[in-house]
Each structure stands twice: as C-alpha cells, then as structure tokens.
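# Report on the structure
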Amino acid sequence: MERRRSSVKSIKGDFKRGNWASKTEFLLSCMGYAIGIGNVWRFPYLCYRNGGGAFLVPYLIMLFLCGIPLFFMETSLGQFSGTGCITLFKIAPLFKGAGFAIVIVNFMCTVYYIVIIAYPILFMANCFQGKLPWADCNNDWNTEHCLQISTGDLTANVTSELFNITQNSQWKTPSDEYFHNKILQISSGIDEVGSIVWPLFLCDFIAWTVVYLCIMNGVHSVGKVVYFTATFPFVILFVLLIRGVTLPGAWDGISFYIYPQWSRLGNLKVWTDAAVQIFFSLGPGWGGIINMASYNEFRNNSKGDAILVPILNSATSIFAGFVVFSILGFMAHKTGLPVSTVATGGPGLAFVTYPEAITMLPWSNFWAVMFFFMLFLLGLDTCFVQIEAIISSVIDEYPFLHNHKKVVTLGACVAMFLCSTIFITNGGMYLLQLFDWYAASISVILICLVEVLIVAYTYGSVNFIRDIEFMLQKKVNWWWKWCWKFITPAILTFIFIATIAFNTTVTYNGFIYPDWAVAIGWCTCGVSIICIPIYMGYHLLYNETGDCIDRIQSSIKPSPEWGPASDIYRKEWNNIIVYDKAEELRRTLPENGDHLHEEFVKLCNNSNTLG
C-alpha cells in the first residue's frame with residue numbers, strides 16, 4: 001500500500017524559522033506563560049478551600065506525575081520537530097485535527113483573556129487621584145446597598161453576606177460597586193448585551209497595541225520583552241509580601257492559608273482540584289509550550305527545562321498565597337470579619353476583595369498601582385505565547401506566509417481585537433464568564449490526551465525516547481516511559497471525567513445563566529473538539545488509499561516529512577533509524593535466509609529510509 005503524499009509543502013528548507021537568542025529567553029518565556037493571573041487569584045483560594053497545607057500533598061503529587069511529564073513531552077516534541085502545533089502532527093497525520101483544535105481554542109480564549117488584562121489598565125488609570133475611587137460609597141455609581149466596611153461597624157447579618165460574588169447579597173462593598181457599576185457598567189444579565197463601554201474599549205485597544213508591538217517580530221521581539229515582563233512581577237510580589245507580613249493580622253491570614261486539614265485528603269474533589277490546577281496552570285495542550293520549544297537549539301537540554309519551569313510555577317503559586325492571605329488577614333483584622341469570609345478566588349479576589357484591602361493600607365494608591373501593574377504583566381506574557389502559537393502554527397502550515405509574518409500578525413491581532421469588543425459591552429462580563437467556563441475546559445484536556453496517546457502508542461514510547469536521546473545526547477530514565485504510557489494518560493482521563501462530573505451550572509454575581517446561554521457555552525467547547533473527528537474523516541477519505549484498515553494503519557504512522565527540521569540532524573537521525581531497523585532485521589535472519597539478508601544489506605545502504 002502506497003501512501004499519497006501531502007499537498008502541503010514541507011517547511012524544511014523553505015525558510016529559517018529562527019531561534020531564541022539565548023536559553024534565558026526561552027526559560028523566561030516559559031515562566032511568563034506558565035505563571036499567570038491564575039497563580040494569584042486561583043491557587044491560594046484552592047489551597048485554603050481544600051485543606052490548607054494538606055492540599056500541597058496531592059498538588060505536588062500531580063505536579064510530578066502529570067505536570068512535569070507533560071511539560072517534558074511537549075518541549076521535546078516542539079524542539080525535536082522545530083514546528084508549530086499543526087505541522088507537529090506529521091508524527092501521526094490522522095490526528096492533525098487536534099492541531100487545528102489548538103489554534104481555535106487559543107483564538108477564542110485569547111479574545112476574552114486580553115479583556116481581563118484591560119481591566120487593570122483602567123484600574124491603574126484611576127489610581128492617580130487624591131484617594132482611590134473605590135475607597136468609599138460617596139460616588140455617583142454607588143447604590144443604597146453600598147456599605148463601607150473599613151470602619152469595622154458591621155452587624156452579624158451583614159457579615160454573613162459580604163464578599164460572596166457568586167450569590168445574591170443585600171450589601172455591596174465600595175470596591176464591588178466600583179468594579180461592576182463603574183468599570184464594567186454591567187447589565188442585568190447575558191440577554192442584555194447593551195452597548196460598548198468606551199473606557200474599556202480604549203484600554204482593550206491599548207492592550208492589543210502593546211501585544212502587537214511586542215510580538216510583531218516573533219521570538220526576536222518577545223525574547224527581549226520577557227526580560228522585563230516575566231521578572232518584574234516577582235519583584236512586585238516580593239514587595240507586596242514584605243508589606244503584607246508587617247501588617248497587623250497578617251499571620252492570622254497566613255496560618256488560615258496553610259493550616260493543614262489532613263482529613264480533607266480523603267475527598268476526591270480535593271485531588272481533582274489539584275490535578276486540574278496543575279494541568280491548567282502549566283498550560284499543556286494549548287500549543288504554547290510546543291511552539292516556544294520549537295525555537296530552541298536542537299541540542300538544548302529540554303529535560304532540565306521541563307523540570308525547572310513547572311517547579312518554579314508551583315513555587316510561585318505557593319508564594320503568591322502568602323502575599324494574598326497576609327493582606328486578607330490584615331483586612332480581617334481591620335474590619336472584624338473572619339478570614340474565611342473575606343477569602344475568595346477568581347475575578348472577585350483580583351478586582352473586588354484585594355482592592356478593598358488595599359484601601360486600608362497606608363499609601364494605598366501606590367500599592368494599588370503596583371498590584372494592578374503586576375496583574376497586567378502576568379496576563380501579558382500569557383497572551384504573547386498564545387498569539388504567537390496561533391501565528392507560528394498557521395505560517396508553518398502555509399509557508400508562503402512566512403515573508404509576510406508582520407502582516408499576518410497584524411491581521412490576527414486586528415481580527416481578535418474586533419472579536420473582543422463583544423466582551424467590553426455592558427453584558428460582556430457574562431459572556432466572558434461563559435467562554436471561560438466552557439471554551440477550553442474539556443477540549444484542552446482531550447487535546448493533551450491525544451498527544452500522550454500518540455507519543456505512547458501510535459508513534460511509540462520507545463521511538464520517542466530514541467528521538468529524545470538522539471536530541472539530548474544522553475540516556476532517558478525509564479521513569480518517563482512509564483509516565484507517558486500509563487501514569488499520565490490515566491491522570492488525564494481522570495481529569496477529563498472529573499471535569500465533566502464536577503461541572504456545575506455557570507453563574508456570575510448571582511445571575512444564573514439561561515439554558516440557551518449554556519448551550520452556546522457547550523458549542524464554544526464543541527467547535528474545537530469537532531475538528532479532530534472531521535479531519536480524521538477527511539484524511540482517511542482523501543489522503544490515503546486501500547481498504548479501511550490499511551488507511552487507518554497508514555495514517556497513524558509518521559509522514560515522510562516527520563523528523564528534525566535541520567537537514568544535518570535529519571540525516572543523522574535517519575541513519576540511526578536505519579541502523580536500528582537493520583539490527584532488528586539481523587536478529588530475525590534464519591541461518592540461510594539469503595532473501596532477508598539481501599533486504600538487510602539494502603536497508604543498511606539506504607540512509608534516507610524512514611520505513
């Protein structure tokens with residue numbers, strides 16, 4: 001059976017994609033990508049909610065059994081092939097639809113994610129006044145439900161209702177009303193989209209302009225920008241920690257954050273949260289890791305990088321928890337509220353609770369600017385990688401676009417900016433929450449599971465380890481093979497099932513989404529997933545010959561274009577493959593198997609045979 005050659009021209013030899021100027025640029029880009037807003041507004045709350053210090057047990061177990069193996073797998077795939085996340089699937093052409101799914105997921109999520117980093121811009125712009133605008137209830141956007149809690153004069157029934165952004169509450173803090181009534185100018189529900197909020201429109205435009213200027217030259221410009229954007233948030237976090245731990249009540253908050261509740265380890269939901277947090281925090285399955293690694297030097301030590309970055313990411317999450325809960329402890333001390341009442345996660349922590357706590361600090365304007373600038377930088381790095389993953393994947397798939405990369409980048413940014421305007425309307429936050437809830441939650445896990453199954457079974461873990469050893473020029477421990485074949489796929493399957501099983505109805509600020517909105521949410525998830533079976537059908541029908549079994553068997557084998565992008569390394573790699581096949585054939589030769597011996601000699605002399 002003879003396979004049809006793909007009509008898409010191989011990128012090898014057509015152009016030079018370029019490389020990072022140094023290993024530091026790659027590591028900083030990975031750090032900026034993995035360490036995002038979720039490290040600040042999600043992990044600390046998950047840790048406190050799931051047993052405090054005890055939560056670190058399942059969290060670290062999932063890090064070493066799932067997070068690091070996935071990170072090593074994706075960095076190795078990208079670095080070995082030197083291609084983006086569509087052309088990567090030359091390793092198993094039948095699953096190329098997963099590459100298109102990655103691009104669609106990144107497009108949808110970047111469109112709304114950059115709106116989230118537009119919020120800090122507007123917050124910062126309003127921090128240069130005599131007092132912070134959310135410091136009290138004496139503003140035209142405040143309602144009769146506004147209650148200034150910094151006085152500490154609270155009744156028991158008020159205390160029980162404050163700081164719950166997911167349910168109806170009689171009372172609202174000044175920061176809550178500032179965010180929803182002033183910043184968002186929010187409508188009553190998703191069915192009331194309203195008009196564009198023009199201050200947010202301007203901030204969204206600024207955010208997209210900054211992103212384009214930083215990525216318009218690809219890794220050459222991103223690699224320089226991340227020296228600042230990936231490191232300065234650590235400086236701000238450290239400064240905020242020093243300030244936080246010196247405040248009265250700070251250690252009450254910290255002890256509340258890390259106090260271990262060992263009994264919680266028997267709860268399946270705790271292990272699910274740990275696995276999901278590791279998975280979405282590191283970002284496998286999004287194509288960003290693969291794309292960044294594709295610009296590495298071929299002999300770069302991807303294993304060391306894959307261990308360092310996830311550990312640093314997890315350490316940053318834990319560190320951010322001390323920063324957040326030291327301030328929340330001070331807030332509880334100042335108001336008389338228990339820490340459990342003020343502790344929350346998600347946008348409510350970043351744009352409601354933490355700003356409220358900042359108003360109680362001396363020099364509150366300074367600390368507010370520092371905090372929101374940190375959020376902006378954390379989100380910016382993630383956007384860099386997601387957009388670059390889209391652009392590089394498309395250009396690698398259609399090489400004629402390479403000489404027009406700046407135009408392609410500008411076109412992509414303009415298109416996503418126009419799409420993002422729906423999220424800066426009066427009803428935009430409801431739409432943003434809907435997309436965030438559904439668009440990537442299941443599809444990214446499925447994409448990652450497809451990648452692992454390809455590496456472990458269709459391509460083969462033995463072949464993959466052979467490629468890594470050739471690339472790194474050193475042996476790979478048996479542990480990685482066991483992870484990719486058994487442990488990591490099992491955990492990913494667990495995450496996939498648990499994500500569906502524990503999925504709850506989407507809500508925002510007390511608003512329960514109607515059925516039609518939930519249906520749209522599932523559609524945002526399905527539009528990427530459906531790429532996988534659709535492309536399978538297309539490929540089997542048009543790109544293969546023979547009966548059904550022959551077509552499937554052929555389509556899960558690597559295409560002739562698979563291998564190192566460099567001609568020099570490809571030739572060396574081909575020789576290793578030929579030698580391995582020749583050795584395997586020699587072991588099967590009977591004593592008088594002349595016809596097999598002739599095939600063996602022919603195979604040894606053909607250095608370009610991929611088999």
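All values reported here derive from a predicted model rather than from experimental measurement.

## A word on the overall build of the chain
Along the backbone of the chain there are 28 helices and 2 strands. Burial status across the chain gives 58% buried among its 611 residues. Across the chain, the fraction of contacts at a sequence separation of at least 24, relative to all contacts at a separation of at least 6, is 84%. Element-wise, carbon and sulfur atoms account for 64% of the exposed surface of the chain, whose accessible area totals about 24300 Å².

## A look at the pattern of salt bridges
Scanning the entire structure with this criterion turns up 10 salt bridges. Salt-bridge contacts for Arg-49 lead to Asp-273; the nearest nitrogen and oxygen are separated by 2.8 Å. Of the two residues, Arg-49 is situated in helix H3 (residues 43-49) and Asp-273 in helix H13 (residues 268-282); the sequence distance between them amounts to 224 residues. Arg-49 gets classed as partly exposed once you look at its relative accessible area, which sits at 33%. Judged by its relative accessible area of 5%, Asp-273 is buried. In this structure, the salt-bridge partner of Asp-467 is Arg-466, at a minimum N-O distance of 3.0 Å. Of the two residues, Asp-467 and Arg-466, both sit in the buried class.

## A closer look at the environment of Thr-335
In this fold, Thr-335 is placed in helix H15 (residues 302-335). Residue Thr-335 is classed as buried on the basis of its relative accessible area, which comes to 3%. Expressed as a C-alpha distance, the spacing of Thr-335 and Ile-149, which sit 186 residues apart in the sequence, is 6.2 Å. One polar contact links the side chain of Thr-335 to the main-chain carbonyl oxygen of Met-331, over a distance of 2.9 Å.

## Describing the UniProt feature "binding site: Na(+)" (unreviewed entry) in the chain
According to UniProt, the "binding site: Na(+)" (unreviewed entry) feature falls on Gly-32, Ala-34, Asn-39, Ser-281, Asn-313, Leu-378 and Asp-381. Across 350 residues of sequence, these annotated residues stay compact in space, with a maximum C-alpha separation of 13.6 Å. Here Ala-34 is to be found in helix H1 (residues 23-34). Setting aside residues no more than four positions away along its own chain, Ala-34 makes contact with Asn-39, Ser-281, Leu-282, Val-309 and Asn-313. The topology assignment puts Leu-378 in helix H18 (residues 364-397).

## Points about the side chain of Arg-466
Inspection of the secondary structure assignment puts Arg-466 in helix H22 (residues 461-472). If sequence neighbours within four positions are ignored, Arg-466 has contacts with Tyr-459, Trp-573, Ile-576, Ile-577 and Asp-580.

## Comments concerning the packing of aromatic side chains
To describe a pair of aromatic rings, you give the distance between the ring centres and the angle between the ring planes. Using the criterion set out here, one finds 57 aromatic pairs in the structure. An aromatic cluster is defined as three or more aromatic residues linked by ring pairs; in this entry it consists of Trp-41, Tyr-119, Phe-123, Trp-134, Trp-141, Tyr-178, Phe-179, Phe-351, Tyr-354, Phe-371 and Phe-372. The ring of Phe-470 has Arg-299 sitting right over it, with the charged end atom 4.9 Å from the ring centre.

## Overview of the packing of helix H5 (residues 97-116) against H18
Each pair of packed helices gets described by two things: the angle between the helix axes and the distance between those axes. Packing of H5 against H18 brings their axes to within 10 Å, and their N-to-C directions diverge by 150°. By the angle class used here, H5 and H18 are roughly antiparallel. In this structure, H5 crosses over H18, and the sense of that crossing is left-handed. When H5 is examined against H18, the residues Val-103, Asn-106, Phe-107, Thr-110, Tyr-113 and Ile-114 are found in contact with a partner set consisting of Leu-378, Gly-379, Thr-382, Cys-383, Gln-386, Ile-387, Ile-390 and Ser-393. Of the residues belonging to the contact of H5 with H18, the class tally is 8 nonpolar, 6 polar and no charged.

## With respect to the state of the cysteines
With the rule as written, the count across this model stands at 1 disulfide. Residue Cys-137 pairs covalently with Cys-146 via a disulfide, S to S 2.0 Å. With the S-S dihedral at roughly -75°, the linkage between Cys-137 and Cys-146 falls on the left-handed side. In this structure Cys-146 comes out as buried when scored by relative accessible area, which is 11%. The closest cysteine sulfur to the non-disulfide-bonded Cys-448 is located on Cys-66, 7.1 Å from its own sulfur.

## Quick notes on the nonpolar core
Counting 192 residues, the largest nonpolar core has Tyr-119, Phe-179, Phe-351, Phe-372 and Tyr-513 as the members making the most contacts within it. For this core, the element with the most residues is H18, which contributes 18 residues. A domain split of this core shows at least three residues from each of domain 1 (23-141 + 174-428) and domain 2 (542-609). The residues contacting Phe-372, other than those within four sequence positions of it, are Pro-120, Phe-123, Met-124, Cys-127, Trp-134, Ala-350, Phe-351 and Pro-355.

## Considerations on the side chain of Lys-90
Along the chain, Lys-90 falls in the loop between helix H4 (56-81) and H5. There is no salt bridge for the buried Lys-90, and the closest opposite charge comes from Glu-561, which lies 6.2 Å off by N-O distance. Discounting chain neighbours no more than four positions away, the residues touching Lys-90 are Thr-83, Lys-557, Pro-558, Ser-559, Glu-561 and Trp-562.

## Overview of helix H24 (residues 515-529)
For H24, spanning 15 residues, the distance from its first C-alpha to its last is 21 Å, which sits close to the expected 21 Å at 1.5 Å a residue. Elements in contact with the buried residues of H24: H5, helix H20 (428-438), helix H21 (443-458) and helix H25 (531-542).

## Some thoughts on empty space enclosed by the protein
Within the structure shown, the criterion is met by 5 cavities of 30 Å³ or more. A volume near 60 Å³ is recorded for the second largest cavity. In terms of lining, the second largest cavity is formed by Trp-20, Ser-29, Val-219, Val-222, Asn-291, Met-292, Phe-384, Val-385 and Glu-388. Of all the secondary structure elements, the ones that give two or more residues to the lining of the second largest cavity are helix H10 (219-229), helix H14 (288-293) and H18. Here the lining of the second largest cavity gets 3 residues from one element, more than from any other, and that element is H18.

## Points about H4
Because each turn of an α-helix spans 3.6 residues, side chains separated by three or four positions in sequence point in the same direction. Given a rise of 1.5 Å per residue, 26 residues ought to cover 38 Å, and the 35 Å separating the end C-alpha atoms of H4 matches this to within 8%. Of all the bends found along H4, the most pronounced is centred on Leu-63 and spans about 45°. Along H4, 20 of the 26 residues are buried, which leaves the element largely enclosed by surrounding structure. After H4 finishes, the residue Gly-82 shows a positive phi value of roughly 65°.

Analysis parameters
- Residues numbered from 1 in each chain as written.
- Predicted model: local features only at pLDDT ≥ 70, side-chain atom pairs only at ≥ 80, totals over all residues.
- Heavy atoms only, no water.
- Helix = DSSP H or I, 4+ residues; strand = E, 2+ residues; numbered from the N terminus.
- Buried < 20%, exposed > 50% of the residue type's maximum accessible area, 1.4 Å probe, protein only.
- Contact = heavy atoms within 4.5 Å.
- Areas by Shrake-Rupley, 256 points an atom, 1.4 Å probe, with all protein chains shown as cover.
- Salt bridge = Lys/Arg side-chain N within 4 Å of Asp/Glu carboxyl O.
- Polar contact = N/O pair within 3.5 Å; in protein donor to acceptor, adjacent residues only side chain to side chain.
- UniProt positions renumbered as here; feature names shortened; annotations may be inferred.
- Phe/Tyr/Trp six-rings, centres within 6.5 Å; stacked < 30°, edge-to-face > 60°.
- Lys NZ or Arg CZ within 6 Å of the ring centre and 35° of its normal.
- Axes fitted to C-alpha atoms, helices over the stretch in contact; angles between N-to-C directions.
- Parallel < 35°, antiparallel > 145°, perpendicular 65-115°, else oblique.
- Left-handed = near helix turned anticlockwise from the far one by under 90°.
- Nonpolar A, V, L, I, M, F, W, Y, C, P; charged D, E, K, R; others polar.
- Disulfide = S-S within 2.5 Å.
- Core = buried A, V, L, I, M, F, W, Y, C linked by side-chain atoms within 4.5 Å.
- Domains from an automatic or database assignment.
- Lys, Arg positive; Asp, Glu negative; His and termini not counted.
- Expected span 1.5 Å × (residues − 1).
- 1 Å grid on protein atoms, 1.4 Å probe; cavity = no way out; pocket = protein on both sides within 12 Å on 5 of 7 lines; lining within 4 Å.
- Points joined across faces, edges and corners; volume = space filled by probe spheres on them.
- Bend = angle between axes of the 7 residues up to and from the residue.

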